[in-house]
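Architecture at a glance
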Amino acid sequence: MGEGRPEVAATLRALNGALGRPAALWVKETSARNLRHRDFLAPRAALSAAFPGGQVPPEAVSAVPSLRGPAVLPLRLCRQTPAGLAVQVRRPEAFQRLLGPLPGPSPTAAEARTGCVVLHCPALRSPAALRPRHLRSVLLADHLAQLLRAQGVGVRLVPALSEERSWDVLRQLRIYWPSGSGGSSLTDAISALKAALGRCPCAAACEQGLGTAEGVICKVHLKSFVEQQGLLGYDPNLDVLLVTEGTLQSLAELQEAVQQCPVSYPMALPASRFPSSSCCSIVHVVNCEEEFQQQQLDVLWRILDPGAHTALQKHLVCGPVKVTNPSSPIGADQYFQLRKRQMYEASVMKYGELAQDEAWTEVIDILTVAAIRFEMLSTAHRSQITLELENNSISTKGTKSGAFVMYNCARLATLFNTFQRAVERGTYPPLPPVSELNFSCLREEGEWLLLFNYLLPFPEVLQQAAQLPPPSKGIRITANTETVCKFLIQLSMDFSSYYNRVHILGEPFPHLFDQMFARLQLLGAVRDLFHSALATLHLPPLSQI
């Protein structure tokens, strides 16, 4: 056929082009009710604004079903309806193209690499024990790193974890953050920064005997620099910063990460006092309580190294984390242990003595990580999170929880294990090659919902989640870091509804095999989708619950 994997964006572009208007007139339907009648719609209001009287030329309407393209869905019908211009997809062909093998090799992420991002998480420099508010920014940076890597973007994580303290809670949460104590290159970078301070017109020596904190090297006037450069988005209270060895070490780590950042398109950079710098984006992932301090560091770096990379600094700010009725401030490790105990109790309540078996230890651990990651990441990063710590605040039943997502992933594993055992017993023949499957058997509305709302848009969902758009004004950016969690929750709800309603492994009668095999091929793709999405959260699939 010579056609590639269909995409939502490519299909919408083709539909808009068919009507000869630059405006985006078409929308993809998502609700089960609307998908019974149409797959894409150009709403009546949009048509009225684009065409006199809302009347689309008949020749444009008749041309829509013949639209072709390497990533355009096969279209069957286009007709006028009271809601607007409605299009239906040729569904059996769409199933074939999405569930069958791709016609040619797709570029790997490494081949498609498009630059580098340094993700800086100041919470990991906190000398005190980590708290849930710190955990939120660390989990978000960890997830964002996975999303960027999936798009072929090089990622550097800063700072390296100090080897002098315990980071057990990060390991328990499956956060894979680099560790190390630096070396001669870091020492050299600190020396270069000190030399730059000596030449800096904004820096002044600190007079002794004025209550200056121990270890202060000098003071730098940030406010005057911000005003001179016309920088927008900074706190108006930025004024004088007392620079310490720790301040310079933080900058040196960032500088080193930028120099090591792999990029495939080196650009001509303005002169920098620090040679060998690659052009990459720096994203400071901070909680709202750290934002002011990070702005100070941002401006100081701009002063000491006015290169292209320091001008590309962005701030991704997490909203507050409110803990209800804590008897005392709760640490991140206490929060993890509390959720683990609650998950164990909820599992015992649901599964009885089975959940007390040693084999369930790893299952409980993974369910706990899923519960915390979804609790922290399924809300938009700029919004407040409220943590309910009472005993009844976590369960294996709630449809909005990480445990519910993992439960449905495990149901798919159980389905395919059951099918494989039945094949080995001779109950069913093996699953035939996809080219021999009859996808016209897939007529249940839940099957089209799984394909059209999840399998089709998933690559584009990952792309959107990894986007770091430049700030419209100032230095703050907004990212769609909640997208994958919300996608998985909605997928789990629609899959669960379908799976509860439809019997997949039926009686072993040959006349029923066509439908069973087509359904297994569909659900195998759904299983793989679960695995790919969970990998961006560092969550392994469960084979049992």
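Preceding this section is the structure that the text describes.
Cut-offs applied
Residues numbered from 1 in each chain as written. Predicted model: local features only at pLDDT ≥ 70, side-chain atom pairs only at ≥ 80, totals over all residues. Heavy atoms only, no water. Phe/Tyr/Trp six-rings, centres within 6.5 Å; stacked < 30°, edge-to-face > 60°. Lys NZ or Arg CZ within 6 Å of the ring centre and 35° of its normal. Salt bridge = Lys/Arg side-chain N within 4 Å of Asp/Glu carboxyl O. Helix = DSSP H or I, 4+ residues; strand = E, 2+ residues; numbered from the N terminus. Buried < 20%, exposed > 50% of the residue type's maximum accessible area, 1.4 Å probe, protein only. Contact = heavy atoms within 4.5 Å. Core = buried A, V, L, I, M, F, W, Y, C linked by side-chain atoms within 4.5 Å. Pairing = 2+ DSSP bridges. Axes fitted to C-alpha atoms, helices over the stretch in contact; angles between N-to-C directions. Expected span 1.5 Å × (residues − 1). Parallel < 35°, antiparallel > 145°, perpendicular 65-115°, else oblique. Nonpolar A, V, L, I, M, F, W, Y, C, P; charged D, E, K, R; others polar. Left-handed = near helix turned anticlockwise from the far one by under 90°.

Here the focus is the packing of aromatic side chains. Applying the stated criterion to the full structure yields 11 aromatic pairs. Arranged with centres 5.9 Å apart and planes meeting at 20°, the rings of Phe419 and Tyr428 form a pair that is stacked. By the ring-pair criterion, three or more aromatic residues cluster together here, those being Phe40, Phe95, Phe439, Trp448 and Phe452. Sitting over the face of the ring of Phe416, Arg527 holds its NZ or CZ atom 4.4 Å from the ring centroid.

Before going further, it helps to examine the pattern of salt bridges. Taken as a whole and judged by the stated rule, the model has 17 salt bridges. Ionic pairing is found between Asp298 and Arg302, a salt bridge with its closest N-O pair at 2.6 Å. Taken as a pair, Asp298 and Arg302 lie in helix H11 (residues 291-304) at a separation of four residues, close to a single helical turn. Under the relative-accessibility criterion, Asp298 is labelled buried at 0%. With relative accessibility at 11%, the residue Arg302 sits in the buried group.

Glancing now at the side chain of Ser126. When you line up the elements, Ser126 lands in the loop between strand E5 (116-120) and helix H6 (132-150). Exposure remark for Ser126: the relative accessible area of 14% places this residue in the buried category. In this structure, Ser126 is in contact with His134 and Arg165, ignoring residues within four places of it in sequence.

Attention shifts here to the nonpolar core. In this structure, Trp26, Leu119, Leu170, Leu488 and Leu523 are the most contacted members of the largest nonpolar core, which totals 140 residues. The dominant element in this core, judged by the number of residues it contributes, is helix H19 (residues 510-535), at 13 residues. Aside from chain neighbours lying at most four places away, what touches Leu523 is Leu412, Leu415, Phe416, Leu450, Phe495, Tyr498 and Ile504. Judged by nonpolar contacts, the second largest core, of 36 residues, contains Cys218, Leu248, Leu254 and Cys261.

Turning to the side chain of Arg339, a few remarks are in order. Relative to the assigned elements, Arg339 resides in helix H13 (residues 332-351). In this structure Arg339 comes out as buried when scored by relative accessible area, which is 1%.

This brings us to the sheet that holds strand E11 (residues 313-318). Taken in spatial order, the four strands of this open sheet run E6-E5-E10-E11, and their pairing is parallel. Sheet topology places strand E6 (154-158) and E11 at the edges, where each strand pairs with a single neighbour. The sheet shows a mean angle of 20° between the axes of neighbouring strands, taken without regard to direction. Across five bridges, the pairing between E5 and E6 is parallel. Residue pairing in the sheet places Val118 in a bridge with Arg156 of E6. Helix H10 (residues 245-260) rests against E5, E6 and strand E10 (281-287) of the sheet, and its axis sits at about 165° to E6.

Before going further, it helps to spend a moment on H11. Taking 1.5 Å of rise per residue, the 14 residues of H11 would be expected to cover 20 Å, and the 20 Å separating its terminal C-alpha atoms lies within 8% of that figure. Within H11, 12 of the 14 residues are buried, which leaves it mostly tucked inside the rest of the structure. For H11, the full list of buried residues reads Glu291, Gln294, Gln295, Gln296, Leu297, Asp298, Val299, Leu300, Trp301, Arg302, Ile303 and Leu304.

Bringing the packing of H6 against helix H14 (residues 360-377) into the picture now. Two elements in contact, H6 and H14, have axes separated by 10 Å at closest approach and are oriented at 95°. It follows from the interaxial angle that H6 and H14 lie roughly perpendicular. Contact with H6, carried on its side by Pro132, Leu135, Arg136, Leu139, Leu140, Asp142 and His143, involves Ile372, Arg373, Met376 and Leu377 of H14 and no other residues of that element. In the contact of H6 with H14, the residues fall into seven nonpolar, one polar and three charged.

Below, the discussion takes up the packing of H6 against helix H17 (residues 458-466). At a minimum axis distance of 9 Å, the contact between H6 and H17 shows a crossing angle of 125°. Here H6 lies oblique to H17, going by the angle between them. Here H6 and H17 pass one another in a crossing that is left-handed. When H6 is examined against H17, the residues Leu144, Leu147 and Leu148 are found in contact with a partner set consisting of Leu462, Ala465 and Ala466.

A few words on the environment of Lys223. Considering the arrangement of structural elements, one finds Lys223 in helix H9 (residues 222-229). Overall, the relative accessible area of 36% leaves Lys223 in the partly exposed class. In sequence terms Lys223 and Asp239 are 16 residues apart; their C-alpha atoms lie 4.7 Å from each other. When near neighbours in sequence (up to four residues on either side) are disregarded, Lys223 contacts Pro236, Leu238 and Asp239.

Among the six residues of strand E4 (residues 84-89), six are classified as buried, and the element is accordingly described as predominantly covered. Sheet analysis places strand E2 (residues 40-43) next to E4, joined by four bridges and oriented antiparallel. Looking at the pairing, Phe40 lines up with Val87 of E4. Hairpin connection from strand E3 (residues 75-81) to E4: two residues lie between these consecutive antiparallel strands.

Without other data, these values stay purely geometric and don't point to any function.
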